[in-house]
Amino acid sequence: MVDAGPLYAYVDADDQHHEACADLLETYPGPPTVSTLVITEVVYLLGSRLSTQAELRFLADLASEAFDIETVHPTDWLRIADLVNQCRIEGEGKSSGTEFGARGSSCSFRTGRLCSFTRV
């Protein structure tokens with residue numbers, strides 16, 4: 001599951017992590033998974049920090065099925081709330097609240113702007 005930071009860096013050629021993120025996403029075996037919550041955040045960041053053109057390029061990548069898009073499952077909302085609260089308690093700042101529960105054989109990942117990127 002890819003968070004907003006690497007996706008933003010992938011689009012922004014001036015970002016200090018652009019090359020590493022572009023290389024990772026372009027060589028990843030199969031389409032990387034992106035949540036609809038992260039897509040909203042990336043589109044906002046691209047439009048407000050870069051340009052409409054950057055936003056349109058990213059949307060074109062989504063339309064070309066370069067990414068596997070996953071929606072939030074209803075049972076995940078309480079887990080997301082737990083993670084947001086955990087970040088608040090730990091004093092690590094605000095969480096983006098992006099996390100999916102383990103369903104089937106997939107693993108769960110917690111992501112956040114200021115929370116540590118950890119596997120849960």
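Now for a look at the structure at hand. (Residues numbered from 1 in each chain as written. Predicted model: local features only at pLDDT ≥ 70, side-chain atom pairs only at ≥ 80, totals over all residues. Heavy atoms only, no water.)

Counted by the stated rule, this structure contains two aromatic pairs. Relative to Phe67, the ring of Tyr10 lies with its centre 6.4 Å away and its plane at 85°, an arrangement referred to as edge-to-face. In this pair, Tyr10 sits in helix H1 (residues 4–11) while Phe67 sits in the loop between helix H4 (52–63) and strand E2 (68–70), placing the two residues 57 residues apart along the sequence. Exposure class is identical for Tyr10 and Phe67. Each is buried. Between Phe58 and Phe67, the aromatic rings sit 6.3 Å apart at their centres with planes inclined by 50°, giving tilted as the arrangement. Per residue, the accessibility class of Phe58 equals that of Phe67, and both read buried. Put simply, the rings of Tyr10, Phe58 and Phe67 touch in pairs and so form one group of aromatic residues. Just above the ring of Tyr8 sits the side chain of Arg49; from NZ or CZ to the centre is 6.0 Å. (Phe/Tyr/Trp six-rings, centres within 6.5 Å; stacked < 30°, edge-to-face > 60°. Helix = DSSP H or I, 4+ residues; strand = E, 2+ residues; numbered from the N terminus. Buried < 20%, exposed > 50% of the residue type's maximum accessible area, 1.4 Å probe, protein only. Lys NZ or Arg CZ within 6 Å of the ring centre and 35° of its normal.)

Right, let's get into the nonpolar core. Formed by 19 residues in total, the largest nonpolar core has its most connected members in Leu7, Val34, Val42, Leu46, Phe58 and Phe67. For this core, the secondary structure elements donating two or more residues are H1, helix H2 (18–27), helix H3 (36–50) and H4. Top element by residues in this core is H3. It accounts for six residues. Among residues more than four places away in sequence, those in contact with Val34 are Val2, Leu7, Ile39, Phe67, Asp68, Ile69 and Glu70. (Core = buried A, V, L, I, M, F, W, Y, C linked by side-chain atoms within 4.5 Å. Contact = heavy atoms within 4.5 Å.)

We now examine the packing of H1 against H4. When two helices pack together, their arrangement is captured by the angle between the axes and the distance separating the axes. Put simply, H1 and H4 touch, their axes get as near as 10 Å, and they point 115° apart. Viewed along their axes, H1 and H4 adopt a mutual orientation that is roughly perpendicular. Crossing of H1 against H4: the hand is right-handed. Two secondary-structure elements touch here, H1 through Leu7, Tyr10 and Val11 and H4 through Ala54, Arg57, Phe58 and Asp61. (Axes fitted to C-alpha atoms, helices over the stretch in contact; angles between N-to-C directions. Parallel < 35°, antiparallel > 145°, perpendicular 65-115°, else oblique. Left-handed = near helix turned anticlockwise from the far one by under 90°.)

Let's shift gears to the environment of Asp23. Looking at the element boundaries, Asp23 is found in helix H2. For Asp23, a relative accessible area of 48% corresponds to the partly exposed category. Sequence separation between Asp23 and Tyr10 is 13 residues, and the spatial gap between their C-alpha atoms is 8.5 Å.

Structurally, Leu62 is set in helix H4. Each residue touching Leu62, except ones within four places of it in the same chain, is listed here: Ile39, Phe67 and Ile69.

Turning to the packing of H1 against H3, a few remarks are in order. One way to put it is that H1 packs onto H3 with a least axis distance of 9 Å and a crossing angle of 40°. If you check the angle between H1 and H3, you find them oblique. Relative to H3, H1 is oriented so that their crossing is right-handed. Contact with H1, carried on its side by Ala4, Leu7, Tyr8 and Val11, involves Val38, Glu41, Val42, Leu45, Leu46, Arg49 and Leu50 of H3 and no other residues of that element. Residue classes in the contact of H1 with H3 are distributed as nine nonpolar, no polar and two charged. (Nonpolar A, V, L, I, M, F, W, Y, C, P; charged D, E, K, R; others polar.)

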